[in-house]
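Architecture and fold: a report
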Amino acid sequence: MPHPTPAQIIYGSVTVVTTTFALLLLAPALSGPGLALVAGVALLLGVLVALALRARRAGRAPAARLPKTAQPEPLDTPRRRPGVTV
């Protein structure tokens with residue numbers, strides 16, 4: 001399994017923190033199970049954001065290399081230099 005990129009770690013962490021704050025502001029008087037539910041939802045959403053970032057990156061095709069149009073000259077062919085006569 002490949003390691004997460006720094007962008008995935010940052011986006012996932014920011015998502016977890018902001019989701020936790022938002023859910024706690026919406027329901028400030030939660031009991032123990034309610035807090036565990038908030039933490040679980042925030043963690044799940046952070047993981048989904050990090051995986052979505054990986055899926056979006058994996059969907060991009062790498063830049064195609066252009067084929068070489070000019071063929072190199074064979075090594076046994078003498079090269080002509082301007083101003084030199086043989």
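One structure accompanies this document, and this report is about it. Predicted model only: the values in this text are computed from it and were never measured.

Describing the overall build of the protein
When helices and strands are counted, the protein shows 2 helices and 0 strands. Of the roughly 7,900 Å² of accessible surface on the protein, 69% is carried by carbon and sulfur atoms.

Concerning the side chain of Gln8
Topologically, Gln8 is positioned in helix H1 (residues 6-26). Classification of Gln8 as buried rests on a relative accessible area of 6%. In terms of polar contacts, Gln8 uses its side chain to reach the backbone amide nitrogen of Thr5, at 2.8 Å. Not counting residues within four places of it along the chain, the set of residues in contact with Gln8 comprises Ala50, Leu53 and Arg54.

Some remarks on the environment of Val14
Within the secondary structure layout, Val14 lies in helix H1. With 32 residues separating them in the primary sequence, Val14 and Gly46 have C-alpha atoms 7.7 Å apart.

Topic: H1
Here H1 spans 30 Å end to end across 21 residues, near enough to the 30 Å set by a 1.5 Å rise per residue. Looking at H1, one finds that the buried residues are Gln8, Gly12, Thr15 and Thr19. For H1, the angular spread of buried residues about the axis comes to 60°, placing them on one side. Away from its buried face, by an angle of more than 90 degrees, H1 presents the exposed residues Pro6, Ile10, Phe21 and Leu25.

Observations regarding a nonpolar patch on the surface
Together, Leu24, Leu30 and Leu35 make up a nonpolar patch on the protein surface, roughly 210 Å² of accessible area in all. Within the element layout of this structure, Leu35 appears in helix H2 (residues 32-59).

Here's the deal with the side chain of Thr15
Locating Thr15 in the fold gives a position in helix H1. Here Thr15 falls in the buried class, since its relative accessible area comes to 15%.

A closer look at the environment of Leu23
For Leu23, the location among the structural elements is in helix H1. Overall, the relative accessible area of 27% leaves Leu23 in the partly exposed class. Beyond its immediate sequence surroundings of up to four residues, Leu23 is in contact with Val38 and Val41.

Criteria and cut-off values
Residues numbered from 1 in each chain as written. Predicted model: local features only at pLDDT ≥ 70, side-chain atom pairs only at ≥ 80, totals over all residues. Heavy atoms only, no water. Helix = DSSP H or I, 4+ residues; strand = E, 2+ residues; numbered from the N terminus. Areas by Shrake-Rupley, 256 points an atom, 1.4 Å probe, with all protein chains shown as cover. Buried < 20%, exposed > 50% of the residue type's maximum accessible area, 1.4 Å probe, protein only. Polar contact = N/O pair within 3.5 Å; in protein donor to acceptor, adjacent residues only side chain to side chain. Contact = heavy atoms within 4.5 Å. Expected span 1.5 Å × (residues − 1). Arc of directions from axis to C-beta. Patch = residues over 30% accessible without salt bridge, like charges linked within 9 Å, V, L, I, M, F, W, Y side chains within 5 Å. Salt bridge = Lys/Arg side-chain N within 4 Å of Asp/Glu carboxyl O.

By themselves, these figures tell us nothing about what the structure is for.
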